Amino acid sequence: MAVPKGIPADALVLSPSDAEELLQALRRMQLLQPRETPLLTPLSGGVSSLIVRADTVAGPLCIKRALARLKVASLWEAPVRRNRAEVAWLRVAMRVIPGAVPEILGDDAQGNAFAMAWLEPADYPVWKSLLRDGVIEPSTAQAVGHNLVAIHAATAGDAELARAFANDADFHALRLEPYFVEAARKHPACAVALQRLVETTAGTRLALVHGDISPKNILIGARGPVFLDAECAWYGDPAFDLAFCLNHLLLKCVWCPAQRSGYLRCFDMLTASYLGGVNWEPVAALEARACALLAGLLLARIDGKSPVEYITQDAEREHVRRFAIPLLEHSALKLSEIRQRWGSHG
Ligand SMILES: Nc1ncnc2c1ncn2[C@@H]1O[C@H](COP(=O)(O)OP(=O)(O)O)[C@@H](O)[C@H]1O
Ligand SMILES: [Mg+2]
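A few points on the structure. (Residues numbered from 1 in each chain as written. Chains lettered and ligands numbered in written order. Predicted model: local features only at pLDDT ≥ 70, side-chain atom pairs only at ≥ 80, totals over all residues. Heavy atoms only, no water.)

1. Remarks on the coordination of the magnesium ion (ligand 2)
Looking at the magnesium ion (ligand 2), the protein donor atoms are Asn217 (OD1) and Asp229 (OD), and they sit 2.1 to 2.2 Å from it. Linking Asn217 in the loop between strand 6 (207-209) and strand 7 (218-221) with Asp229 in the loop between strand 8 (224-227) and strand 9 (234-236), this pair joins segments that are 12 residues apart in sequence. The exposure class of Asn217 is buried, given its relative accessible area of 6%. Judged by its relative accessible area of 15%, Asp229 falls in the buried class. (Donors = N, O, S within 2.8 Å, 3.2 Å for Na, K, Ca; no water. Helix = DSSP H or I, 4+ residues; strand = E, 2+ residues; numbered from the N terminus. Buried < 20%, exposed > 50% of the residue type's maximum accessible area, 1.4 Å probe, protein only.)

2. Regarding the pattern of salt bridges
Using the criterion set out here, one finds 27 salt bridges in the structure. Glu120 is paired through a salt bridge with Arg53; the nearest N and O atoms lie 3.8 Å apart. Here Glu120, found in the loop between strand 5 (113-117) and helix 3 (127-132), pairs with Arg53, found in strand 2 (residues 49-56); they are 67 residues apart in sequence, far enough to count as distant. It is possible to trace a salt-bridge network through shared partners that takes in Lys64, Arg82, Glu86, Asp229 and Glu231. (Salt bridge = Lys/Arg side-chain N within 4 Å of Asp/Glu carboxyl O.)

3. Here's the deal with the side chain of Ser214
Tracing the sequence through the fold places Ser214 in the loop between strand 6 and strand 7. A residue is classified by how much of its surface remains accessible, and Ser214, at 3% relative accessible area, is buried.

4. Describing the sheet that holds strand 3 (residues 59-66)
With respect to topology, 5 strands assemble into an open sheet ordered 1-2-3-5-4, the strand pairing being antiparallel. Of all strands in the sheet, those with a lone pairing partner are strand 1 (39-42) and strand 4 (104-108), marking the two edges. Each neighbouring strand pair of the sheet contributes to a mean axis angle of 25 degrees, computed without reference to strand direction. In this sheet, strand 3 lies alongside strand 2 in antiparallel orientation, the contact comprising 8 bridges. (Pairing = 2+ DSSP bridges. Axes fitted to C-alpha atoms, helices over the stretch in contact; angles between N-to-C directions.)

5. Considerations on the packing of helix 2 (residues 82-96) against helix 4 (residues 138-155)
Running from N to C, helix 2 and helix 4 cross one another at 100 degrees; their axes reach a closest spacing of 10 Å. By the angle class used here, helix 2 and helix 4 are roughly perpendicular. Only Ala150, Ile151, Ala154 and Thr155 of helix 4 make contact with helix 2, whose side of the interface consists of Trp89, Val92, Ala93 and Val96. Here the residues of the contact of helix 2 with helix 4 sort into 7 nonpolar, 1 polar and no charged. (Parallel < 35°, antiparallel > 145°, perpendicular 65-115°, else oblique. Contact = heavy atoms within 4.5 Å. Nonpolar A, V, L, I, M, F, W, Y, C, P; charged D, E, K, R; others polar.)

6. Some details on the pairing of strand 2
Counting buried positions along strand 2 gives 7 out of 8 residues, so the element sits mostly inside the fold. Here 4 bridges tie strand 1 to strand 2, and the two strands are oriented antiparallel to one another. In the sheet register, Leu40 faces strand 2, and the bridge partner there is Ala54. The turn linking strand 2 back onto strand 3 is made up of 2 residues.

7. A look at helix 11 (residues 314-329)
It helps to recall that an α-helix has 3.6 residues per turn; residues three or four apart then point in one direction. With 16 residues, helix 11 ought to run about 22 Å at 1.5 Å a step, and its terminal C-alpha atoms sit 22 Å apart, in line with that. Taken together, the buried positions of helix 11 are occupied by His319, Val320, Arg321, Phe323, Ala324, Leu327 and Leu328. On its buried face, helix 11 is in contact with helix 7 (191-202), helix 8 (239-255), helix 10 (283-303) and helix 12 (335-343). (Expected span 1.5 Å × (residues − 1).)

8. Considering unusual backbone geometry
A positive phi angle, close to 65 degrees, is found at Arg35, a residue other than glycine. Of note, Arg35 is situated in the loop between helix 1 (16-28) and strand 1. Given a relative accessible area of 79%, Arg35 falls into the exposed group. Positive phi is not limited to glycine here, since Asn112 has a value of about 50 degrees.

9. Concerning the packing of helix 8 against helix 12
Look at helix 8 against helix 12: their axes get within 12 Å of each other, and the N-to-C directions meet at 10 degrees. When the axis of helix 8 is compared with that of helix 12, the two are roughly parallel. Where helix 8 approaches helix 12, its residues Leu242, Leu246, Leu250, Cys253 and Val254 are matched on the opposing element by Leu335, Ile338 and Trp342. Residue composition of the contact of helix 8 with helix 12, grouped by class: 8 nonpolar, no polar and no charged.

10. Some points on the packing of aromatic side chains
According to the stated counting rule, one finds 9 aromatic pairs in the structure shown. Between Phe171 and Phe240, the ring centres sit 5.0 Å apart and the planes meet at 80 degrees, which makes this aromatic pair edge-to-face. In this pair, Phe171 is assigned in helix 6 (residues 168-186) and Phe240 in helix 8, connecting sequence segments 69 residues apart. Each member of the pair Phe171 and Phe240 is classed as buried. Taking the centre distance of 6.2 Å and the plane angle of 15 degrees together, the rings of Tyr179 and Phe244 count as stacked. Pair noted here: Tyr179 is in helix 6 and Phe244 is in helix 8, with a separation of 65 residues, a long-range link. Residue Tyr179 shares its accessibility class with Phe244, and that shared class is buried. Linked through ring pairs, Phe171, Tyr179, Phe180, Trp234, Phe240 and Phe244 together constitute an aromatic cluster. Sitting over the ring of Trp118, Arg53 keeps its end group 4.8 Å from the ring centre. The ring of Trp255 has Lys128 sitting right over it, with the charged end atom 5.6 Å from the ring centre. (Phe/Tyr/Trp six-rings, centres within 6.5 Å; stacked < 30°, edge-to-face > 60°. Lys NZ or Arg CZ within 6 Å of the ring centre and 35° of its normal.)

Below, the structure written as structure tokens:
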């Protein structure tokens, strides 16, 4: 059958049982007419969920259902309830900045699934693809920082949200363990610093964290960035989101060295717009934690359980390690210092 416009050619194949479960979820969400069987087209790129375009009578939509195991080289367990955390995060973000996330069309707790508006890839390119293709707009990074800090500021000090997103065990399983604990296994000399990072991060509960603010999970629409993929949502350390996204911008310099200055400008803009909106704690305190997290994340995305797929050469991995390891031992206090040092890291 023809693949609908905008669907990548390497779209995955859906098993009959997956298709049936998605249909049942769509029916429970009352998004189908009686006896309607929409065309279901899985999207590529997902590692932790089934994410499928459904062409319904009412129009296209996107349905996401959590997988019990993640599709990466070293698998780690993650409970399917992360789908609940994701849809809950999307709803909170929608209240803070309507348009910063896709509209939620339905929610099916029984099937660990939810449905959202279909955002046409031609109108909503993935930021990662733009960055790779040299479409590097510092104003996009500025808008990402602005929206991210607005979500953190709006959720800081909210006891009800802290209870609703007390996903500490899941955040440990999805982030702290596969990234920092695994990196410590590979680098025993850094184990003390990484363990300290795990403890500080786990013990900081200040605002609603997305947990996966990567250019791959941000679509860029005419009215600004749209955040996706909030499966790691957790009430915790907002510095994690900032460091996570900045880390991707630094690693992109290794991916496409010719675009390095553009990525670093994005780093500066994101940092400035984010730090300018921090109003729940002293900026210096947040920035110091972000610096430590950035050092840990640089190493973790090379030697953790989920290495970035675009750094493939041993020499490139060594380049990142030679930068990250001393930074872990002697953490910077300013993000601008890390950026300067990275800019001149030979
Ligand atoms: N609402 C949507 N409309 C159109 N495409 C989407 C939508 N949500 C996700 N996608 C596409 O699917 C990809 C994977 O979605 P994501 O939520 O990040 O899933 P995963 O958890 O599997 O990474 C995105 O990068 C994007 O290309
Ligand atoms: Mg994703």
